[in-house]
Structures are given as structure tokens and as C-alpha cells.
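# Residue-level structural notes
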Amino acid sequence: MKVKDFMAEQEGYILRMPSLLFSIYNKIPKACVMTYGCQQNVSDSERMKGMLEKMGYEITEEAENADFVLFNTCAVRGHAEDRVLGNIGAMKKLKKINKNMIIAVCGCMAQQDIIIDKLKKSYPYVDIVFGTHVQYRLPEFLYKRLKGSPRIFENSQGDSIIENIPVHRDGTFKGWLPIMYGCNNFCSYCIVPYVRGRERSRHPDEILKEAKELIAKGYKDITLLGQNVNSYGAGCDFGINFAKLLRKINAIEGDFRIRFMTSHPKDCTTELLDAMRDCEKVSRHLHLPFQSGSNRILKLMNRKYTREDYLSLIKAAKERMPDISLTSDIIVGFPGETYEDFKETLSLVKEVEFSSLFTFIFSPRNGTPAAQMEDTVSREEKGKWFDELLKVQEEIGDKINDSLVGKTVRVLCDDYGRSQGKVAGHTNGTAVVEFDGDCSDLGKFITVKIERKSNVLEGTRIKE
Ligand code: SAH
Ligand code: SF4
Ligand code: F3S
């Protein structure tokens, strides 16, 4: 694996951009980045916004006023793709008004040849399409297109890590910190390994440097990101794994929280659970997708663990951290899944008692093995199972929230509440509590006593 320096690669283009932009727009041009998909994409977008600022663009949230619009896309389910294509289609009108507008598509959809062909043929107003491995070349692509190059389509792969990319962070106290990229697992339903490539871990020194920068800037909640964070360091000679990395970040001075996602059960070790228990800055939250409660389906999914393995991991986590919040991802209606299999998913949900769940109906993805498997259950039937699952989870979520009433908790105030004069904060787990406050509370840790539950948890401040 190679590590490349962003400025060494792109400086030539960045330096020539401001005068080129001024000659075309005669003002400071605006750039809008529209982000779809997971936190990895959110984090990638922050870096692309950083590059755009470095080139001389001003970042805007409104595509209508932008001179450059970038779609950072997600391919994980068919629905995600359709939504993006619809929104790209709406750009045709805007480009008619602003002839110098540049439209680009990147991210996981743009890595696929089939999508590139579609954009080439049916979306002639899209100027640049580039995949996940070449995102750092955004300055080069923009420069060349603005200089009159033909439409650019680039989805070549690579196994490098690019460091020192400038970052325009969306939040002021919650920050994303990518620690690894790609996925080696090839779950049979999933497109991610095809569009993100093989696992690549950042050097721990780079991660610690970025964590320290975030903390020095006042970030209070840092989420370590990767498709499979807990296999961090595998195959590298860093001499440290994910559990050890957590301990190192925890040792950085300051009052902040560490979160991480996503963990795969097959790489979730007792060493990691011990590290979570021992590190006071690591949140008491484990997002551990199990996908299905049926061993037969887990095997077809190529998940490499059984229901029993999963449950023993949960037991080990609860033994070490009785107050831990657990969350998970579930796929309903995998090809060949019967109602009997689905009932095993329901029983696992009841047994574990997750704080919340991310549930999806199976969506066939081009090029994945599951897309070739026979799928006989109707969409309508899957919808019924899905609703049944939601109902079971709603009761569990309610019960967990009830159990929090009366507790005194430290929350990070991170939002306004649902009514005037109220603010909201996250506990060390996943619960959200509303209490009296104003904008001066945002970004601060505040201790509150949870007093009652209406449709939200409501608390009052405790003097520290
Ligand atoms: N790397 C993470 C998340 C990947 S995508 C992990 O391994 O858990 C997020 C979630 O989308 C997955 O956990 C899965 O539940 C869901 N998902 C992925 N592919 C899907 C598909 N083809 N159809 C429906 N849901 C899917
Ligand atoms: Fe997809 Fe599986 Fe990799 Fe997660 S672990 S990204 S579900 S292949
Ligand atoms: Fe979607 Fe790509 Fe993330 S497919 S879920 S944006 S890694």
C-alpha cells in the first residue's frame, strides 16, 4: 500500500485555479456538494469541500446558486441510486440558466461501469464523473474541464491512501475521522467491496495527529470511521490493532468522546470489549450489525459467524458494560429467506434488546452473488415482515427509554429541542434527552436528570 501526499499530487492544479476561476466567473464562484449514503461519504465530502475551498470556491448549501455542483453518491440499495439519478436529472434546468455551471458525480455509484455508461449516454450535461479511488484528483479534473477538456470519466482503482487533504468540517463539535477505507468481506448482498476496494488502514500517527487537531479545535465527539473499523491494521506492520488504537486515542488529553462505526461481528474481539470498558472516553455504544438471526441465511450472506457466536459476543459486551447501548443493521427478505428464518431474526431482536435498529428490505445489487439467487417472496410479503420487525423494536426502544427515567446522565448538547427554549443532547450511549437551554449550551457537556418520558426523554439540569 502506498501513501501519497495530496499537495504533492495536486498542487500544480490548485495554484492555477484561482486565476482560471476568476477569468470565467469574474467573482468568487460557489460550490455545492450533495452527499448521499453513509458517514464515509459524509467524511469524503468534507475533504472534497476542503479541496474546493483551497481552489478558491466558496461552499454553499444551495445547488441553485452554485457554479459547481458535486453529487457524492451511494450505491448500497436500488432506492438510493434512483434518488440520486432523479436529483441529477433536475440539474438540466439549472445548467440552462448558468451556462458555466459544472456538474460532477462521484462516490460509490460513479465507481460502477454500468452507471458511467448511463451518465455518458443519458445525462449529457454531467461534465465530470469520478470514482472513489481518485477523489483526491478533483482539482485536476475541474481544471481540465474548465480549460475545455472533453467530458471526464475516471473510475480507475488504486490501493493508495492520500494524506494531508484539506478538510472543510460540517460540524463544530462533532467530527468524523476516517481510520480505514474499503472492505474485504464480500457479504453476498453487498456492493461496497466492489465500489470501495480492498481494506486500507491509515497509519496510526496520521490518525492520532488528526484526532489531536480535532480536540485542539474544540471537537467533543469524534467518530472513527471505516466499513469494518474493527479489522483496523490487519495486514499492516503498524504493530497496533483497533483495540490498541482506541486506547491510544483515549489517552489524548481533553474532555471528549470517541465513537466508532461500523464493526463486524467476526472481528469483534474480547480485547476490543476490554478496551471499550477500560477507556472512559469511549462511548458505551456498540453498533454491531447482525443482518439475520437465522444461521442458514447468515451462511448464504457469507457473514462468517453464527447466531450463537453473535449472542455470545453480546453477552460478553453486557458483562463488561451493563449500561451499553447496542444497535444493529438487519436485512429483511434476503433471497430464500422464509418466515421461519425471519422469526429467528425477531427472536434475536427480542433477546438482545437493541436501543435502535437500521432495517432494510433486501435490494439486489448488480454484480453481487445474492442478485443471482432465487427470490420467491413477494415485496408485499417482505413489507409485512418488515412492519412486524419495526413494531417489535418500537416496544423494545420504549422499554429501554422507560428504564432511563430517574437516571442522572452527562449529555453532549448537540441540537435544539423540539419546542422553543429547549435543547437536546446525546448520552454516552444513543439516547437523546431534551432540557431547558439556549444556543450557548451547544457543544457543551451538561449533566441532566432524566425526569420523564413523553414522546421524548425530558430532563432537568443538575448543578455540577
Ligand atoms: N460495513 C457496514 C455497513 C455497510 S452498508 C457493515 O458491514 O455493517 C449498511 C447496511 O446496509 C448493511 O449493514 C446492510 O444491512 C445494508 N445493506 C447492504 N447491502 C444491502 C442490500 N443489497 N440490500 C439491502 N440492504 C443492504
Ligand atoms: Fe458490505 Fe459486508 Fe463489507 Fe459491510 S462487511 S461493507 S455489509 S461487504
Ligand atoms: Fe453507500 Fe458507498 Fe457508503 S455504497 S453506504 S456510500 S460506502
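Structure: above.
So, how was this worked out
- Chains are numbered independently. Their residues run from 1 in the order of the written sequence.
- Written order decides the labels, with chains lettered from A and ligands numbered from 1.
- Two thresholds apply to this predicted model, a pLDDT of at least 70 for residue-level local features and 80 or more for giving and counting side-chain atom pairs, whereas whole-chain, interface and lining totals are computed over all residues.
- By convention in this description, side-chain values take in all heavy atoms of the structure and omit both hydrogens and water.
- By the criteria applied, helices consist of DSSP H or I runs no shorter than four residues and strands consist of E runs no shorter than two, each listed in order from the N terminus.
- We compute the radius of gyration from the C-alpha atoms alone; for a globule the expected value is 2.2 Å times N to the 0.38, where N is the number of residues.
- When accessible area is computed with a 1.4 Å probe and restricted to protein chains, residues below 20% of their type maximum are described as buried, those above 50% as exposed, and intermediate ones as partly exposed.
- Throughout, the Shrake-Rupley method with a 1.4 Å probe supplies accessible areas, and for residues the shown protein chains are the sole cover considered.
- Comment: axis = line fitted to C-alpha atoms, over the contacting stretch for helices; angle = value between 0 and 180 degrees taken between N-to-C directions.
- When describing relative orientation, an angle under 35 degrees is termed roughly parallel and one over 145 degrees roughly antiparallel, while 65 to 115 degrees is termed roughly perpendicular and anything else oblique.
- Crossing handedness is read from the near helix: turned anticlockwise from the far helix by less than a right angle, it gives a left-handed crossing, and turned clockwise, a right-handed one.
- Whether two residues touch is decided by their heavy atoms; if any such pair falls within 4.5 Å, the residues are in contact.
- Strands qualify as paired when DSSP identifies two bridges or more between them.
- Salt bridges are defined as contacts in which a side-chain nitrogen from Lys or Arg sits within 4 Å of a carboxyl oxygen from Asp or Glu.
- What makes a residue near a molecule or strand is one non-hydrogen atom of that residue sitting within 4 Å of it.
- Residues adjacent in sequence count toward polar contacts only when both atoms are side-chain atoms; beyond that, a polar contact is any pair of N or O atoms within 3.5 Å, and within protein one must be able to donate a hydrogen and the other to accept it.
- Only Asp, Glu, Lys and Arg are considered charged in this grouping, and only Ala, Val, Leu, Ile, Met, Phe, Trp, Tyr, Cys and Pro are considered nonpolar; every other residue, Gly among them, is considered polar.

### Looking at the overall build of the chain
- Counting secondary structure elements, the chain contains 14 helices and 21 strands.
- Taking 23 Å as the expected radius of gyration for a compact globule of 464 residues, we find that the chain reaches 23 Å, a close match to that expectation.
- With the principal axes as the frame, the chain shows a C-alpha extent of 65 × 60 × 50 Å.
- Looking at the 464 residues of the chain, the share that counts as buried comes to 55%.
- Put simply, the chain shows about 20,600 Å² of open surface, and 50% of that area lies on carbon and sulfur atoms.

### Details of the packing of helix 13 (residues 339–352) against helix 14 (residues 379–404)
- One can describe the packing of helix 13 onto helix 14 by two numbers: an axis separation of 10 Å at closest approach and a directional angle of 10°. Classified by the angle between their axes, helix 13 and helix 14 sit roughly parallel to one another. Of the two possible hands of crossing, helix 13 and helix 14 adopt the one that is right-handed. In contact with Tyr339, Phe342, Leu346, Val349 and Lys350 of helix 13, helix 14 contributes Trp385, Glu388, Leu389, Val392, Gln393 and Ile396.

### Remarks on the sheet that holds strand 18 (residues 422–426)
- Strand order in this closed barrel of five strands is 17-18-19-21-20, and the pairing throughout is mixed. Each strand axis lies, on average, 55° off the axis of its neighbour in the sheet, ignoring direction.
- Examined bridge by bridge, strand 19 (residues 432–436) and strand 21 (residues 457–461) share two bridges and lie parallel to one another. What sits directly across from Val433, in strand 21, is Leu457.
- Against the sheet, helix 14 touches strand 20 (445–453) and strand 21, its axis set at about 115° to strand 20.

### Observations concerning the pattern of salt bridges
- The final tally for this structure, using the stated rule, is 38 salt bridges.
- One salt bridge in this structure joins Arg202 and Glu210, with 2.9 Å as the shortest N-O distance. The two residues Arg202 and Glu210 agree in class, both being buried.
- Put simply, Asp274 and Arg277 hold a salt bridge, and the shortest N to O gap is 3.5 Å.

### Focus: the site of ligand 1
- Contacts to ligand 1 come from 15 residues, most closely from Arg77, Gln227, Gln291, Asp329 and Ser363.
- Within the side chain of Gln291, an N or O atom sits 2.7 Å from an oxygen atom of ligand 1.
- Out of a free accessible area of 530 Å², ligand 1 has 91% covered by protein chains.
- Elements with a contribution of two residues or more to the shell around ligand 1: strand 15 (325–332) and strand 16 (356–361).

### Here's the deal with the environment of Lys95
- By the element assignment, Lys95 lies in helix 4 (residues 91–97).
- When the C-alpha positions of Lys95 and Tyr125 are compared, they lie 7.5 Å apart, and in sequence the two are 30 residues distant.
- Those residues in contact with Lys95 that sit more than four places away from it in its chain are Met101, Ile103, Tyr125 and Asp127.
- Side-chain polar atoms of Lys95 contact the side chain of Asp127, separated by 2.6 Å.

### Comments concerning the sheet that holds strand 6 (residues 128–130)
- Spatially, six strands are ordered 3-2-4-5-6-7 in an open sheet, and the strand pairing comes out parallel. Sheet topology places strand 3 (58–59) and strand 7 (152–154) at the edges, where each strand pairs with a single neighbour.
- In terms of strand pairing, strand 4 (residues 68–73) meets strand 5 (residues 102–107) through six bridges, oriented parallel. Within the sheet, the bridge partner assigned to Val69 lies in strand 5 and is Ile103.

### A closer look at the side chain of Asn250
- On the secondary structure map, Asn250 appears in helix 9 (residues 242–250).
- Residue classification places Asn250 among the buried residues on the basis of a relative accessible area of 9%.
- Among the polar contacts made by the side chain of Asn250, one reaches the side chain of Glu280 at a distance of 3.3 Å.
- A polar contact is formed between the side chain of Asn250 and the backbone nitrogen of Lys281, at a distance of 2.9 Å.

### Some details on the packing of helix 1 (residues 6–25) against helix 2 (residues 39–55)
- Closest axis-to-axis distance for the helix 1/helix 2 pair is 8 Å, and the angle between their directions is 50°. Here helix 1 lies oblique to helix 2, going by the angle between them. Counted together, Phe6, Met7, Ile14, Met17, Pro18 and Leu21 of helix 1 and Met51, Lys54 and Met55 of helix 2 form the full contact between these two elements.
- Grouping the constituent residues of the contact of helix 1 with helix 2 by class yields eight nonpolar, no polar and one charged.

### What about unusual backbone geometry?
- The omega torsion across Met261 and Thr262 is 5°, close enough to zero to call that bond cis.
- One non-glycine residue, Asn26, adopts positive backbone phi at about 60°.
- Note that Asn26 resides in the loop between helix 1 and strand 2 (30–35).
- With a phi angle near 60°, Asn302 is a residue other than glycine that sits in the positive phi range.
- Note that Asn302 resides in the loop between helix 11 (295–300) and helix 12 (307–320).
- Asn302 gets classed as partly exposed once you look at its relative accessible area, which sits at 30%.

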